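Notes for the structure review
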Amino acid sequence: MHMHRRRWRPLALLRKVLTFAICAIALVALLSFHLHTFSSSIVSNFPDPYKLPTQHEFKHQRFSTVRSWTQELTPPHLSKAPLSSRQLAGARGTLELYKLWKSPPNRDFVPCVKPTASYATPIESRGYLLVHTNGGLNQMRAGICDMVAVAHIINATLVIPELDKRSFWQDSSNFSDVFDEDHFINALANDVRVVKKLPKELAAATRAVKHFRSWSGMDYYQDEIASMWEDFQVIRAAKSDSRLANNNLPPDIQKLRCRACYEALRFSPQIEALGKLLVNRMRSYGRYIALHLRYEKDMLAFSGCTHGLSPAEADELRMIRENTAYWKIKDIDSGEQRSKGYCPLTPKEVGIFLSSLGYPSNTPIYIAAGEIYGGDSHMADLRSRYPILKSKEKLASVEELEPFMDHASQLAALDYIVSVESDVFIPSYSGNMARAVEGHRRFLGHRKTISPDRKTLVRLFDKIERGTLKEGRNLSNRIIEAHRRRQGSPRKRKGPISGTKGMDRFRSEEAFYVNPLPDCLCQKESPNMNASHIVR
């Protein structure tokens, strides 16, 4: 009996060693993931990563050679782990938590936006293109980048675009308040001539005011629009949104759109500085989710979504919709909208969604949004599940935010930066901000972006409300399975829905800036690819 016990002792020891090794490997993987890097053309120079630079430093940095915030730098500190090792159920718990934050494989796709050998640099300009942008920040961003491409196509000098001051948000910001004007001009020097103002001698010249046709291709601009130079020296684009086709454009035009969007159109130094400061402060809580919670008054009024609201709140939103002249659809069936997946998730629904995905209750969440409709009363359910809810208003002081207050585009730009730099981005609705951030994160290496399948989720949430389904493993498995292929992994941009015609065909396409693959992302060839296959 004694000999038998001695024979099993080495096996028991070996089992302990293997168990320890597995735990150690998992822990190293988790810790290494905390070394997530992010960039800052300004914050990297701060003596203290939690302070803003002085105005003198702003002026110096504006003209110094610095890297764009789209490039990644090492953060000034290590992130804190959302869970301590005592709270994790051994190696398995560690690995499951690691998967929640792990980005999908990028399959070696990298940005490739340099012009081809046949790219035509600007020749003598035929006239000036004035642009009146329309919509919120991200709608204007896309429009500006499209107009850069249009200016190149029609051989125009682009005058710095005018931002929309008449939209729902009534923002008086000028281009230079939101974007780095000088960088924009210099970055596009080899593509399009850009000037800050129309020359004085043309101030009184007759202008051709034109509504460019939506989703137009090369022929339209080269023939119909360029022919206007014969009669006019100045063409004014009355709108900028969706004026250029998503697909079937020359490769160099598509690459130019990406250079304009991801390299030239940089936020102003003041916005970048505070944006990066918010990222630093958010990272002090650990890896974080940026939640674009589109549960704001304008969105709910526009979409007609009133699920979970009181009759008085629903009536208020209906009145806003009826009194907003440029919102064409007035009578909306809220239940039908929601069942089709056309409504933003409510804060309560987002809480159930995150819990079902497996994110623990101490996950830091940044709320990228304006004022949430109903305030604390509608946020209570989400906060009870995830108490570490932060926003720009909670992370920054009143004095730090004061220069940006009453300027919706500038405040939205801060949310944009924190969202692009987050470990995980989740939008509650697929609006302009959500699409722009998703595309930018794809461009930067396919960072994890979870796109909720709202149509599927609503069916499950309704079952919970009816009492036919409970929260737990069954619900979690169904939600996880529904979102396995909705996490931002590389894929080609979706074309039009089969059977659609006319403008509906273009409208059904995935927008260019939502997914710049294949035009602006190329698969890098690995020199050791064959060797790695042999090793395996």
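Shown above is the structure to which this text applies.
All of the points below concern the structure found in this document. It should be emphasised that the depicted structure is a prediction, and the values quoted were computed from it without experimental measurement.

Cut-off values and rules
- Residues numbered from 1 in each chain as written.
- Predicted model: local features only at pLDDT ≥ 70, side-chain atom pairs only at ≥ 80, totals over all residues.
- Heavy atoms only, no water.
- Helix = DSSP H or I, 4+ residues; strand = E, 2+ residues; numbered from the N terminus.
- Buried < 20%, exposed > 50% of the residue type's maximum accessible area, 1.4 Å probe, protein only.
- Contact = heavy atoms within 4.5 Å.
- Areas by Shrake-Rupley, 256 points an atom, 1.4 Å probe, with all protein chains shown as cover.
- Pairing = 2+ DSSP bridges.
- Right-handed = clockwise from strand over helix to strand, strands pointing away.
- Disulfide = S-S within 2.5 Å.
- Phe/Tyr/Trp six-rings, centres within 6.5 Å; stacked < 30°, edge-to-face > 60°.
- Lys NZ or Arg CZ within 6 Å of the ring centre and 35° of its normal.
- Lys, Arg positive; Asp, Glu negative; His and termini not counted.
- Salt bridge = Lys/Arg side-chain N within 4 Å of Asp/Glu carboxyl O.
- Polar contact = N/O pair within 3.5 Å; in protein donor to acceptor, adjacent residues only side chain to side chain.
- Axes fitted to C-alpha atoms, helices over the stretch in contact; angles between N-to-C directions.
- Core = buried A, V, L, I, M, F, W, Y, C linked by side-chain atoms within 4.5 Å.

**Here we look at the overall build of the chain**
Broken down by element type, the chain carries 22 helices and 11 strands. Going through the 536 residues of the chain one by one, you find that 51% of them count as buried. The long-range share in the chain, meaning contacts at least 24 apart out of those at least 6 apart in sequence, stands at 80%. Of the roughly 26,800 Å² that the chain leaves accessible, carbon and sulfur atoms contribute 53%.

**Description of the pairing of strand β6 (residues 234-237)**
Two faces, one strand: in a regular strand the side chains alternate between the faces of the sheet. Where strand β2 (residues 128-131) lies against β6, four bridges are found, and the strand directions are parallel. Looking across to β6, one finds that L130 is bridged to R236. Of the strand pairs in this sheet, strand β5 (residues 207-210) and β6 are connected by four bridges, and their pairing is parallel. Counted as the bridge partner of R207 is V234 from β6. Viewed along the sheet, the connection from β5 through helix α7 (residues 218-225) into β6 turns out right-handed.

**Examining the state of the cysteines**
Taken as a whole, this structure holds three disulfides when the rule is applied. Covalent S-S linkage joins C258 and C520, the inter-sulfur distance amounting to 2.0 Å. Looking down the S-S bond of the C258 and C520 bridge, the torsion is 95°, so its handedness is right-handed. Remark: C520 occurs in the loop between α21 (502-507) and β11 (521-523) and C258 occurs in helix α8 (residues 251-264); sequence separation between them is 262 residues. There is a disulfide in this structure between C305 and C343, and the S-S distance comes to 2.0 Å. Taking the sign of the S-S torsion, -90° for the link of C305 and C343, the bridge is left-handed. Within this pair, whereas C305 is found in the loop between α10 (297-303) and α11 (311-323), its partner C343 is found in the loop between α12 (334-339) and α13 (347-357), the two being separated by 38 residues in sequence. Taken in N- to C-terminal order, the disulfide-linked cysteines of the chain are connected 1-6, 2-5, 3-4. Looking at the unpaired C145, the closest cysteine sulfur is the one in C261, lying at 4.1 Å. Using a relative accessible area of 0% as the deciding quantity, one classes C145 as buried.

**Observations concerning the packing of aromatic side chains**
Summed over all chains, the structure comprises 11 aromatic pairs. Between F175 and F179 the ring centres are 5.1 Å apart and the planes differ by 45°, which places this aromatic pair in the tilted class. Note on F175: relative accessible area 3%, which makes it buried. Given a relative accessible area of 1%, F179 falls into the buried group. With a centroid separation of 5.8 Å and an interplanar angle of 10°, the aromatic rings of F179 and F267 are classed as stacked. Placement of F179 in the loop between α5 (175-178) and α6 (181-187) and of F267 in the loop between α8 and α9 (269-283) is noted, with a sequence separation of 88 residues between them. Members of the aromatic cluster, joined through ring pairs, are F175, F179, F184, F267 and Y416. Directly above the aromatic system of Y416 lies the positively charged group of R141, at a separation of 4.7 Å from the ring centroid.

**A short note on the side chain of D252**
Within the element layout of this structure, D252 appears in helix α8. Buried and unpaired, D252 has R259 as its nearest opposite-charge partner, separated by 5.4 Å. Polar contacts involving the side chain of D252 include one to the side chain of T116, which spans 2.4 Å. Filtering out sequence-adjacent residues up to four positions away, D252 remains in contact with P115, T116, S118 and Y119.

**With respect to the sheet that holds strand β8 (residues 365-367)**
Here we have four strands laid out as an open sheet, ordered β9-β8-β7-β10, and parallel in their pairing. Only two strands of the sheet have a single neighbouring strand rather than two, namely β9 (389-390) and β10 (424-427). Where strand β7 (residues 289-292) meets β10, four bridges bridge the pair, whose relative direction is parallel. Opposite H292, over in β10, you have P427 as the bridge partner. Lying over the sheet, helix α18 (residues 432-443) contacts β7 and β10, oriented at roughly 155° with respect to β10.

**Looking at the nonpolar core**
As a rule of thumb, nonpolar side chains are buried together in soluble globular proteins. F184 and F212 are the most contacted members of the largest nonpolar core, which totals 82 residues. Among the elements that make up this core, the one with the highest residue count is helix α4 (residues 137-153) (10 residues). Setting aside chain neighbours within four positions, we find F184 in contact with I144, V148, L158, I160, F175, V194, A264 and L265. In terms of nonpolar packing, the next biggest core, distinct from the first, is built from 40 residues, L300, A369, M379 and V424 among them.

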